[in-house]
Amino acid sequence: MHLTIFTTPVFSPLLKRFSRWVLRVAGWQIQGHMPLDTSKSVIIAAPHTSNWDLPYTLLVAFALELNIHWMGKIQIFRFPFHGLMRWLGGIAVDRSQSTNMVSASAQTLRNTDGELHLVVPPEGTRSESRHWKTGFYYIALEAQVPIVLGYLDFGSKKTGLGPALLPSGDIEADMAIIKAFYAPFQGKNPSQFVL
């Protein structure tokens, strides 16, 4: 994977302390941690209802000392922001192309040495979405890594990592567990988070 802000030597220790301070001052409580011996995972980013979700996700990743990459629509990677978004850990997703993003992402997770956590917003949009995209599930299943339930609950100002779930292959049963976990949470724009 490419060099990111999380792997740039000078920035990482400084931003870890800065991120914890910013979240504390803003009234956020950080909960949970990456399960032990989990160097690779797919992290769900939900609820996703606002442009503010990305900055908060980056702050939480630093506070929890995670090396993340995140998926975002290709429009935010256009000039002049392409280099910045990639440095922040972004991977552009072009929804108009029928590329095999699932297999490519799973292969990257399998082949990368060291820590790598792929953050995926299953809603796929900040707008109201009644159906989650299942790419995150199949990436984790194919790569044989856990799905970690990351959250930003604007209602209670709690953020962090919930439990990890190793996908069983029974997507309906696994999604029922995942959606039950997210049911009490509130996005920045609550009316847009529908399970």
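Here the structure is a predicted model, which is why all the values come from computation and not from measurement. (Residues numbered from 1 in each chain as written. Predicted model: local features only at pLDDT ≥ 70, side-chain atom pairs only at ≥ 80, totals over all residues. Heavy atoms only, no water.)

Each helix and strand in the chain was counted, giving six helices and seven strands. When the backbone C-alpha atoms are referred to their principal axes, the chain occupies close to 40 × 35 × 35 Å. Counting across all 195 residues of the chain, residues that qualify as buried make up 46%. Only carbon and sulfur atoms are counted for the fraction: they give 57% of the accessible area of the chain, which is about 10100 Å². (Helix = DSSP H or I, 4+ residues; strand = E, 2+ residues; numbered from the N terminus. Buried < 20%, exposed > 50% of the residue type's maximum accessible area, 1.4 Å probe, protein only. Areas by Shrake-Rupley, 256 points an atom, 1.4 Å probe, with all protein chains shown as cover.)

When we look at a pair of aromatic rings, we describe it by the centre distance and by the angle of the planes. Inspection of the entire model under this criterion finds 15 aromatic pairs. Ring geometry for Trp52 and Tyr56: centres 6.4 Å apart, planes at 50°, overall tilted. One aromatic cluster is present, built from ring pairs that chain together Trp132, Phe136, Tyr151, Phe181, Tyr182 and Phe185. (Phe/Tyr/Trp six-rings, centres within 6.5 Å; stacked < 30°, edge-to-face > 60°.)

A separate point is helix α1 (residues 11–25). Taking 1.5 Å of rise per residue, 15 residues should cover 21 Å, and α1 covers 21 Å from first to last C-alpha, within 8% of that figure. The set of residues buried in α1 consists of Leu15, Ser19 and Leu23. On an axial view of α1, the arc spanned by its buried residues comes to 60°, and they lie on one face. Exposed residues on α1 whose side chains face more than 90 degrees from its buried face are Arg17, Arg24 and Val25. (Expected span 1.5 Å × (residues − 1). Arc of directions from axis to C-beta.)

A few words now on the nonpolar core. Ile43, Leu66, Ile68 and Trp70 are the most contacted members of the largest nonpolar core, which has 27 residues in total. Of all the elements in the fold, those that place two or more residues in this core are α1, β2 (40–46), α2 (53–63), β3 (68–73) and β6 (147–153). Looking at this core, the element that brings in the most residues is α2, giving seven residues. Listed in part, the 25 residues of the second largest apolar core include Met71, Leu118, Trp132 and Ala140. (Core = buried A, V, L, I, M, F, W, Y, C linked by side-chain atoms within 4.5 Å.)

Throughout the structure, instances matching the rule amount to two salt bridges. The partner of Glu65 in a salt bridge is Lys16, and the shortest N-O contact between them spans 3.0 Å. With Glu65 in the loop between α2 and β3 and Lys16 in helix α1, this residue pair connects regions lying 49 residues apart in the sequence. For Glu65, a relative accessible area of 48% gives the class partly exposed. On the basis of relative accessibility, which here comes to 24%, the residue Lys16 falls in the partly exposed class. Put simply, Arg20 and Glu65 hold a salt bridge, and the shortest N to O gap is 3.5 Å. With Arg20 in helix α1 and Glu65 in the loop between α2 and β3, this residue pair connects regions lying 45 residues apart in the sequence. Take Arg20: its relative accessible area is 35%, and that puts it in the partly exposed class. (Salt bridge = Lys/Arg side-chain N within 4 Å of Asp/Glu carboxyl O.)

Where α1 meets α2, the axes come as close as 8 Å, and the angle between the chain directions of the two elements is 115°. For α1 against α2, the interelement crossing comes out left-handed. From α1, Ser12, Leu15, Lys16, Ser19, Arg20, Val22 and Leu23 reach across to α2, where they touch Tyr56, Leu59, Val60, Phe62 and Ala63. Within the contact of α1 with α2, the residues separate by chemical class into eight nonpolar, two polar and two charged. (Axes fitted to C-alpha atoms, helices over the stretch in contact; angles between N-to-C directions. Left-handed = near helix turned anticlockwise from the far one by under 90°. Contact = heavy atoms within 4.5 Å. Nonpolar A, V, L, I, M, F, W, Y, C, P; charged D, E, K, R; others polar.)

Across a sheet, strands are paired by hydrogen bonds formed along the backbone, either parallel or antiparallel in direction. The seven strands lie next to each other as β1-β7-β6-β2-β5-β3-β4, forming an open sheet whose pairing is mixed. The sheet terminates laterally at β1 (29–31) and β4 (90–93), the two strands that pair on one side only. Strand-to-strand twist across the sheet, computed as the mean angle between neighbouring axes with direction ignored, equals 25°. Relative to β6, β2 is paired through five bridges, and the arrangement is parallel. Bridge pairing in β6 links Ala45 to Gly150. Strand contacts of α2: β1, β3, β5 (116–120), β6 and β7 (158–165), with the helix running at about 170° to β3, the strand carrying the most contacts. Against the sheet, helix α6 (residues 171–182) touches β2, β6 and β7, its axis set at about 25° to β6. (Pairing = 2+ DSSP bridges.)

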